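# A look at the structure
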Amino acid sequence: MAWSDINIQIDENDKKIFEKICGELGITMSTAFNIFVKAVIGQGGIPFELNSFHINKETTEAISDVNTNRNLFGPFRSRKALKESLDA
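Every value quoted in this text rests on a predicted model; they were computed, and no experiment measured them.

## Description of the overall build of the protein
- Scanning the protein from N- to C-terminus turns up four helices and zero strands.
- Reading the secondary structure of the protein in the N-to-C direction produces α-α-α-α.
- Taking 12 Å as the expected radius of gyration for a compact globule of 88 residues, we find that the protein reaches 22 Å, considerably beyond that expectation.
- Here the C-alpha coordinates of the protein stretch approximately 70 × 30 × 25 Å along the principal axes.
- The proportion of buried residues among the 88 residues of the protein is 3%.
- Considering the protein, the positive charge centre built from 10 side chains and the negative charge centre built from 12 side chains are found 9 Å apart.

## A short note on a nonpolar patch on the surface
- Residues Phe-36, Val-37, Ile-41, Ile-46, Phe-48 and Leu-50 make up a contiguous nonpolar surface patch of roughly 580 Å² in combined accessible area.
- A relative accessible area of 37% places Val-37 in the partly exposed class.

## What about the packing of aromatic side chains?
- Within this structure, the stated rule accounts for two aromatic pairs.
- Taken together, a centroid distance of 6.3 Å and an interplanar angle of 35° make the contact between Phe-36 and Phe-48 tilted. Of this pair, Phe-36 sits in helix 2 (residues 29-43) while Phe-48 sits in the loop between helix 2 and helix 3 (57-67); the two residues are 12 residues apart in sequence, bridging distant segments of the chain.
- Overall, the relative accessible area of 32% leaves Phe-36 in the partly exposed class.
- Judged by relative accessible area, which is 48%, Phe-48 ranks as partly exposed.

## Some thoughts on the layout of surface pockets
- By volume, the largest pocket is sized at about 560 Å³.
- Lining of the largest pocket is provided by 13 residues; of these, Ser-4, Ile-6, Ser-30, Phe-33 and Asn-34 occupy positions nearest its centre.
- Of the residues forming the lining of the largest pocket, the biggest block, five residues, is contributed by helix 2.
- For the lining of the largest pocket, the residue count by class is eight nonpolar, three polar and two charged.

Analysis parameters
- Within each chain, residue numbers correspond to sequence positions counted from 1 in written order.
- Since the coordinates come from a predicted model, pLDDT governs what is reported: local features require at least 70, and pairs of side-chain atoms require 80 or more to be given and counted, while whole-chain, interface and lining totals use all residues.
- For side-chain calculations, the full set of non-hydrogen atoms in the structure is used, while hydrogens and water are omitted.
- Under the scheme used here, helices are H or I runs from DSSP no shorter than 4 residues and strands are E runs no shorter than 2 residues, and both carry numbers assigned from the N terminus.
- C-alpha atoms define the radius of gyration in this analysis, and the globule rule sets the expected value at 2.2 Å times the number of residues to the power 0.38.
- Partly exposed describes any residue whose relative accessible area lies between the buried limit of under 20% and the exposed limit of over 50%, with all areas from a 1.4 Å probe on protein chains only and scaled to the type maximum.
- When charges are counted, Lys and Arg contribute as positive and Asp and Glu as negative, whereas His and the chain ends are disregarded.
- In plain terms, the charge of a residue is placed at NZ if it is Lys, CZ if Arg, CG if Asp and CD if Glu.
- Patches draw on residues past 30% relative accessible area with no salt bridge. Two like charges within 9 Å are joined, as are two nonpolar side chains (Val, Leu, Ile, Met, Phe, Trp, Tyr) within 5 Å.
- For accessible areas, the Shrake-Rupley method is used with a probe of radius 1.4 Å. Any residue's cover is judged against the shown protein chains and nothing else.
- Between Lys or Arg on one side and Asp or Glu on the other, a salt bridge is scored when a side-chain nitrogen of the former is within 4 Å of a carboxyl oxygen of the latter.
- Pairing of aromatic side chains here covers Phe, Tyr and the six-membered ring of Trp, requires ring centres within 6.5 Å, and sorts the geometry by plane angle: under 30 degrees stacked, over 60 edge-to-face, intermediate tilted.
- Grid points spaced at 1 Å over the protein atoms alone were grouped into cavities, where a 1.4 Å probe fits but cannot get out, and pockets, open sets with protein on both sides within 12 Å along at least five of seven lines, with lining residues defined by an atom within 4 Å of a point.
- Grid points are joined across faces, edges and corners, and a volume is the space filled by probe spheres set on the points.
- Ten residue types, Ala, Val, Leu, Ile, Met, Phe, Trp, Tyr, Cys and Pro, are classed as nonpolar, four, Asp, Glu, Lys and Arg, as charged, and the remainder, Gly among them, as polar.

Geometric values such as these leave the question of function open.
Right, here's the structure in full:
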């Protein structure tokens, strides 16, 4: 089998994370890309769903609250206690 080189551009931080994950899996980045290429060929397309996913401001704020332990309520000992908190 003859080999061919491909050059791609990727965000520097993404590359570092990708390289770390590949290392944890015991494969090189080149091997990971080859796996992806074979999957595309085998499935006749991208091997996962592509869609436009946008997180709205309210969801972004809720994620931030969870990550910083702000505006969290509970745990609740009963459904009644949860409902009372939601209705307050």
